[in-house]
Amino acid sequence: MTNAIRLGIDLGGTKTEIIALAPDGNILLRQRVATPGNDYQAIVNCLCSLVEQAQQQLQAGTYTLGLGIPGAISPATGKVKNANTTCLIGQDLTTDLQTRLGAQLAAPIRIANDADCMVLSEASDGAGAGFNSVFGVIIGTGCGGGWVINGQLHRGPNAIAGEWGHNPLPWRSPQDEAWACYCGQQGCIETFVSGPGFARHARAASGQSLTAQQWYQQAQDGDATSQTQVQRYQQWLAQALASVINVMDPEVIVLGGGLSNWLSLYDEVPKLWEQFVFSDQVSTPLRRAQHGDSSGVRGAAWLGGTA
Ligand SMILES: [Zn+2]
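Regarding the overall build of the protein
For the protein, the count of helices and strands is nine helices and 12 strands. Taking 2.2 N^0.38 as the reference for a compact globule, 307 residues should give roughly 19 Å; the C-alpha atoms of the protein span a radius of gyration of 19 Å, in line with that estimate. Considered along the principal axes of its C-alpha atoms, the protein spans approximately 55 × 40 × 40 Å. Counted over contacts in the protein with a minimum sequence separation of 6, partners at least 24 positions apart contribute 62%. Carbon and sulfur atoms make up 47% of the accessible area of the protein, which totals about 13200 Å². Each charge class in the protein was averaged separately, 17 positive and 24 negative side chains, and the resulting centres sit 4 Å apart.

Have a look at this one:
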């Protein structure tokens, strides 16, 4: 662990946030901007400009930088893979940032999957604190997952641990159509439980073109069609998480990302997953990320500050 100020960036599909953590963990600075469209060079420029502005504003000695991205760094090539912000795929983001920023940084830049950052943050001092095995999921623009076991991020030799979103949705019923996913497969969990995936299914079923958030708001306001669509969503999420429980039986599951703000999930999904989990009873708690939208960026800062 370093005594330098820790910068963390969460590069999201729609917004990008930077924070600076003091050595004692206090947040010194926070800034959030819209993520540039699917343009790699614009994204690199945006990230560098956020870091440079933070450095100017803080006027302190040395920094570390951790970055959470909607993808992973391939252990084989060092390049980005599995990103739903597809312009990142195949790019050597670590080197490109290191070249621009390296002179001012106290340690090599660390990059991890955004879901890994979220679960690291929540397992450390959030909704997963005190549990030995934490499965964390980000449901938002995409749908990623990550594991922290005994306080350590579990990455795996292919850097895909927790990538449940590109397994097929289990126990899929015939009326739930399996659409193509950007990963090349069909009927991936992400095509059902990400915000855009859900909105697309709801539009096909109802003819109404709304965002996931609008569907949920209308369901809360008592609209019957919207309630039906949200119930379908809860059913899909329950099926998807039941398969995780059957394989790894985590002590807690934590949800982050925009759709984790749907409070009905925490009551309804555990009722629905019981029929799919191979157990006489299911005691797994389903919790909302305690640090909310900041979980990913806090985890990124923590990641950058580790040796
Ligand atoms: Zn997929």
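So much for the structure itself; the text now carries on.
A closer look at helix 1 (residues 40-58)
For helix 1, with 19 residues, the first-to-last C-alpha span of 27 Å sits near the 27 Å given by 1.5 Å per residue. Taken together, the buried positions of helix 1 are occupied by Tyr40, Ile43, Val44, Cys46, Leu47, Cys48, Leu50, Val51, Ala54, Gln55 and Leu58. At the N-terminal boundary of helix 1, the capping side chain belongs to Asp39, with an oxygen 3.2 Å from the backbone nitrogen of Gln41. At the exit of helix 1 stands Gln59, carrying a positive phi of roughly 45 degrees.

Concerning the packing of helix 1 against helix 2 (residues 93-101)
Their axes nearest at 11 Å, the elements helix 1 and helix 2 cross at an angle of 45 degrees. Classified by the angle their axes make, helix 1 and helix 2 are oblique. The crossing of helix 1 and helix 2 is right-handed. Contacts between helix 1 and helix 2 involve Tyr40, Gln41, Val44, Asn45, Leu47, Cys48, Val51 and Glu52 on the former and, on the latter, Leu93, Asp96, Leu97, Arg100 and Leu101. In terms of residue class, the contact of helix 1 with helix 2 is built from eight nonpolar, two polar and three charged.

Structural notes on the coordination of the zinc ion
Here the zinc ion is held by the protein donor atoms His166 (ND1), Cys181 (SG), Cys183 (SG) and Cys188 (SG), which lie 2.0 to 2.3 Å from it. Its four donor atoms give the zinc ion angles of 103 to 118 degrees at the centre, a pattern that matches the tetrahedral case. In this structure Cys183 comes out as partly exposed when scored by relative accessible area, which is 35%.

A closer look at the packing of aromatic side chains
Summed over the entire model, instances satisfying the criterion amount to eight aromatic pairs. Judged by centre distance (5.0 Å) and plane angle (65 degrees), the ring pair of Phe192 and Trp236 falls under edge-to-face. Of the two residues, Phe192 is situated in helix 4 (residues 190-193) and Trp236 in helix 7 (residues 224-248); the sequence distance between them amounts to 44 residues. Taken individually, Phe192 and Trp236 each receive the classification buried, so the pair is uniform in this respect. Between Phe198 and Trp262, the ring centres sit 5.8 Å apart and the planes meet at 75 degrees, which makes this aromatic pair edge-to-face. With a gap of 64 residues between them, Phe198 in helix 5 (residues 195-206) and Trp262 in the loop between strand 11 (252-256) and helix 8 (265-273) connect regions that are remote in the sequence. In this structure Trp262 comes out as buried when scored by relative accessible area, which is 0%.

Topic: the domain arrangement of the protein
Interface size is commonly expressed as the accessible surface area that is lost when the partners come together. Looking at the protein, the domain boundaries give domain 1 (5-114 + 294-304) and domain 2 (127-289). The straight-line distance from the C-alpha centre of domain 1 to that of domain 2 is 26 Å. Facing the 17 residues of domain 1 at the interface are 14 residues of domain 2. Carbon and sulfur atoms make up 50% of the area that domain 1 and domain 2 hide from each other, which totals about 970 Å². Put simply, domain 1 and domain 2 have zero salt bridges between them. Applying the counting rule to domain 1 against domain 2 returns two residue pairs in polar contact (both at pLDDT 80 or more). Mapped onto the side of domain 1 that touches domain 2, the elements with two or more residues apiece are strand 5 (72-73), strand 7 (110-113) and helix 9 (295-304). Of the residues forming the side of domain 1 that touches domain 2, the biggest block, four residues, is contributed by strand 7.

Parameters at a glance
- Each chain has its residues counted from 1, following the order in which its sequence is written.
- Given that this is a predicted model, residues contribute local features only at a pLDDT of at least 70 and side-chain atom pairs are listed and counted only at 80 or more, while totals for whole chains, interfaces and linings are drawn from all residues.
- The side-chain values count all of the structure's non-hydrogen atoms but skip hydrogen atoms and water molecules.
- Put simply, DSSP H or I for four residues or longer makes a helix, DSSP E for two residues or longer makes a strand, and each gets a number counted from the N terminus.
- This radius of gyration counts C-alpha atoms alone. The globule rule is 2.2 Å times how many residues there are, raised to the power 0.38.
- Residue contacts are defined here by distance: any two heavy atoms, one from each residue, within 4.5 Å place the two residues in contact.
- Surface accessibility in these figures is a Shrake-Rupley result with a 1.4 Å probe; residues are shielded only by whichever protein chains are displayed.
- We count Lys and Arg on the positive side and Asp and Glu on the negative side, and we leave His and both chain ends out.
- Just so you know, the charge point we use is NZ for Lys, CZ for Arg, CG for Asp and CD for Glu.
- What a helix should span is 1.5 Å times the count of its residues minus one.
- Buried, partly exposed and exposed residues are distinguished by accessible area as a fraction of the type maximum, computed with a 1.4 Å probe on protein chains only: under 20%, between the cut-offs, and over 50%, respectively.
- Pairing of N or O atoms within 3.5 Å defines a polar contact, subject to two protein rules: one partner must be a possible hydrogen donor and the other a possible acceptor, and residues neighboring in sequence count only if both atoms are side-chain atoms.
- Only C-alpha atoms enter the line fits that serve as axes; for helices the fit covers just the stretch in contact. Angles between N-to-C directions range over 0 to 180 degrees.
- By definition in this entry, angles of less than 35 degrees are roughly parallel, angles greater than 145 are roughly antiparallel, angles of 65 to 115 are roughly perpendicular, and the rest are oblique.
- In a left-handed crossing the near helix is turned counterclockwise from the far helix by less than a right angle, and in a right-handed crossing that turn is clockwise.
- Lys, Arg, Asp and Glu make up the charged group, whereas Ala, Val, Leu, Ile, Met, Phe, Trp, Tyr, Cys and Pro make up the nonpolar group; the residues left over, Gly among them, are polar.
- Donor atoms: N, O and S within 2.8 Å of the metal, or within 3.2 Å for Na, K and Ca. Because water is excluded, sites can look incomplete.
- Here a site with four donors is tetrahedral if all angles are between 85 and 135 degrees, and a site with four or six donors is square planar or octahedral if opposite donors are over 155 degrees apart and the other angles are between 65 and 115; anything else gets the irregular label.
- Only Phe, Tyr and Trp rings take part, Trp by its six-membered ring, and two of them pair if their centres are within 6.5 Å. Stacked means planes under 30 degrees apart, edge-to-face means over 60, and tilted covers everything else.
- Residue ranges for the domains originate in an automatic or database domain assignment.
- We define buried area as the total accessible area lost by two parts upon association, computed with a 1.4 Å probe and summed across both.
- Salt bridges, as used here, are contacts in which a Lys or Arg side-chain nitrogen is within 4 Å of a carboxyl oxygen on Asp or Glu.

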